[in-house]
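Letter by letter, the chains look like this.
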Amino acid sequence: MGRITAPFGPQHPVLPEPLHLNITYEDEKVVGLSPAIGYVHRGLEKTAEKKEYPENVFLVERVCGICSFMHAMTYCMGIEELMGIEIPPRAQYLRVFYSEISRLHSHLLWLGLFADAFGFENLFMQYWAAREKILDLMELTGGQRVILSSCAIGGIRRDLNAEQIDTAQGVLMQTEEELKRINPVMLNAYTVKQRTVGKGMLSREDALLYGAVGPMLRASGVAQDLRQTGYAAYRELGFAPVVETDGDSYARALVRVRETCQSIELARKALERLPEGEAAVKVKGNPDGETMQRVEQPRGELLYYIKGNGSKNLERLRIRTPTFANIPSLLKMLPGCEMADVPVIVLSIDPCISCTER
Amino acid sequence: MKVDTIKTSPEAIVASAQKYFDDGCRLVAATCVEEGEELRVIYSFDRELSLENLEISTPREKAIPSLTGVYACAFLIENEMKELFGLEIDGLSLDLGGRMYLVDGAEPAPMADHNKPKAKEDEKIG
């Protein structure tokens, strides 16, 4: 049987962003692949050396439009540690609130795209309609729909007032009700299961060998979520990771569906228990030394390495994003599958190329 | 968290990584940092949500061994370090040939020190 190698992406109808894979087929079966990312690499780590460290908050927010708040938060956590800054409890709870609504809108975005990947257009529209309300909530509280610029070194730049908190609680309750109606379709529909159950298998052992993170790792039975470490106010709010064991595309969807409900619960709890007081402290001085910070993004573990030298400019900023860690797993998940399943399996890792090509 | 590292040699890095793998640890990242004439590589492993770091230092022109024989996922990280810092790596299981990010005619090793901007004068903010 002859073999052909054909590019999948960087432009492909199923891809929201330009991921490029060179896939080798034998008849219609995948027998090998080589990732060739780099289509939109921006060199932001290098740019960060040229900016002053407070300006980098705005720079790292632009690593990714979907989880921009979490990039800013991780960077701020690193700088705060280097400078010995303790942020107010109110800021810790607000960081949880913004992180969880970011995760919620990211998962709703992905669930819609996933439905679209196997042609379930109605489900795609339902998820995106639900997501729209969360984007409106982000605009109401942060002033923008995507790039919030709410996080600052020392806390949160824009505090919430009582009216905003009430509205946010209402929107979250309403979204919870919406998802009770939509989620069973994703989880129980015959067509969804036909396209996802048993597709793109990744065992627990392979997930660790290939360095998978986030919902990819948890769908393969590994109970790891960095929120368990208790950063921001997660320790006070209580948290247990969502874990599934089947390791297929359906299990990965199931983890994300369950995490949408968990995010609503955490965001609501953070608002209910929001401490009184200031939302930020003043910052003086420059960072010195080196630190590593990790947080749980919607797609998994995000790592920032920051090295300061006592001046306003950093010596090195290194960002390891979750999709960068999840791409190697495709080398295990795709070989052996049918050509028709490639788009669904690739999408099941929730690829964010904006993050990957920071 | 502050970065606590265990220093080891390039020759011993594969055996050290194998111990982490045997313990069920996950390879999180490898971070390349320029330190004068040398390149410092920090390998980060996750052990039950705690981060442990191994560190090696090497002259740029001297190749270091690849971890892809232990951790299959290391190929992407190592290709990135090779391309952006000019770090030579022996035994890469999937070598992307310096064309992961860079295109033909691009300046090699764009993250290396010759591209580093001069730090501005120290000032206070507040």
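Rules and cut-offs
Per chain, residue numbering runs from 1 following the sequence as it is written. Chains carry letters from A onward and ligands carry numbers from 1 onward, assigned in written order. Where local features are concerned, this predicted model is filtered to residues with pLDDT of at least 70; where side-chain atom pairs are given and counted, the filter is 80 or more; whole-chain, interface and lining totals use all residues. The basis for every side-chain value is the complete set of heavy atoms in the structure, and neither hydrogens nor water enter the calculation. Helical segments are the DSSP runs of H or I of at least four residues, strand segments are the runs of E of at least two, and each set is numbered from the N terminus. Burial status follows relative accessibility: with a 1.4 Å probe on protein chains alone, a residue under 20% of its type maximum counts as buried, one over 50% as exposed, and anything between as partly exposed. Note on contacts: a residue pair is in contact if any heavy atoms of the two residues lie within 4.5 Å. Using the Shrake-Rupley algorithm and a 1.4 Å probe, accessible areas are obtained, with residue cover drawn only from the displayed protein chains. When DSSP finds two or more bridges between a pair of strands, those strands are recorded as paired. Here the axes come from fitting lines to C-alpha atoms, over the contacting stretch only for helices, and the angles between their N-to-C directions go from 0 to 180 degrees. A cavity here means a set of points on a 1 Å grid, drawn over the protein atoms and nothing else, where a 1.4 Å probe fits but cannot get out; a pocket is an open set with protein on both sides within 12 Å along at least five of seven lines, and a residue lines either one if it has an atom within 4 Å of a point. Grid points are joined across faces, edges and corners, and a volume is the space filled by probe spheres set on the points. When residues are sorted by character, Ala, Val, Leu, Ile, Met, Phe, Trp, Tyr, Cys and Pro go into the nonpolar class, Asp, Glu, Lys and Arg into the charged class, and all the rest, Gly among them, into the polar class. When two components associate, each loses some accessible surface as probed by a 1.4 Å sphere; the sum of these losses over both components is called the buried area. Salt bridges are defined by distance alone: a side-chain nitrogen of Lys or Arg within 4 Å of a carboxyl oxygen of Asp or Glu. In protein, a polar contact requires one atom able to donate a hydrogen and another able to accept it; more generally it is a pair of N or O atoms within 3.5 Å, and residues adjacent in sequence count only if both atoms are side-chain atoms.

Engineer: Is there a simple way to think about the overall build of chain B in this case?
Structural biologist: Helix and strand counts for chain B come out as two helices and six strands. Ordered by position from the N terminus, the helices and strands of chain B form the series β-α-β-β-β-β-α-β. Within the span of chain B, comprising 126 residues, buried residues form 49% of the whole. Within chain B, contacts between residues separated by at least 24 positions form 48% of all contacts whose residues are at least 6 apart in sequence. Within the structure as shown, chain B displays about 5,900 Å² of accessible surface, and the carbon and sulfur contribution to it stands at 50%.

Engineer: I would appreciate a short explanation of the sheet that holds strand S4 (residues 50-59) of chain B in the present structure.
Structural biologist: Two strands in a sheet stick together by hydrogen bonds in their backbones, pointing the same way (parallel) or opposite ways (antiparallel). Residue and element names in this part refer to chain B. A sheet is described by the order of its strands in space; here four strands give the open sequence S1-S4-S3-S2, paired in mixed fashion. The outermost strands of the open sheet, each flanked by one partner alone, are strand S1 (5-7) and strand S2 (26-35). Taken pair by pair, the neighbouring strands of this sheet meet at an average axis angle of 25 degrees, ignoring direction. Bridge analysis of S1 against S4 gives three bridges, and the strand direction is parallel. Residue pairing across strands places Thr 5 opposite Asn 53, the latter belonging to S4. Along the sheet face, helix H1 (residues 13-22) touches S1, strand S3 (38-47) and S4 and points at about 170 degrees away from the line of S4.

Engineer: Could you clarify how one ought to interpret the layout of surface pockets in this entry?
Structural biologist: Considering only enclosed or pocket space, the largest pocket measures out at about 440 Å³ in volume. Along its surface, the largest pocket is lined by 22 residues, and Met77(A), Glu81(A), Tyr231(A), Ala232(A) and Gln293(A) are the ones closest to its centre. Listed by contribution, the elements that provide at least two residues to the lining of the largest pocket are helix H3 (68-83), helix H4 (89-117), helix H10 (234-237) and strand S6 (288-297) of chain A together with S4 of chain B. The class makeup of the residues in the lining of the largest pocket is ten nonpolar, five polar and seven charged. The computed volume of the second largest pocket comes to approximately 200 Å³.

Engineer: What am I meant to see in the interface of chain A and chain B here?
Structural biologist: The extent of an interface is frequently quoted as the accessible surface area lost upon association of the parts. The interface is formed by 54 residues belonging to chain A together with 48 residues belonging to chain B. Of the roughly 4,400 Å² buried between chain A and chain B, counting both surfaces, carbon and sulfur atoms make up 58%. On inspection of chain A and its partner chain B, the count reaches six salt bridges. The partner of Asp46(B) in a salt bridge is Arg294(A), and the shortest N-O contact between them spans 2.7 Å. Across the contact surface, chain A and chain B share 13 residue pairs in polar contact (both at pLDDT 80 or more). Every element with two or more residues in the side of chain A that touches chain B is listed here: strand S3 (29-35), helix H1 (44-50), H3, helix H8 (204-209), S6, strand S7 (300-309) and strand S8 (314-320) of chain A. Counted by class, the side of chain A that touches chain B contains 20 nonpolar, 16 polar and 18 charged residues.

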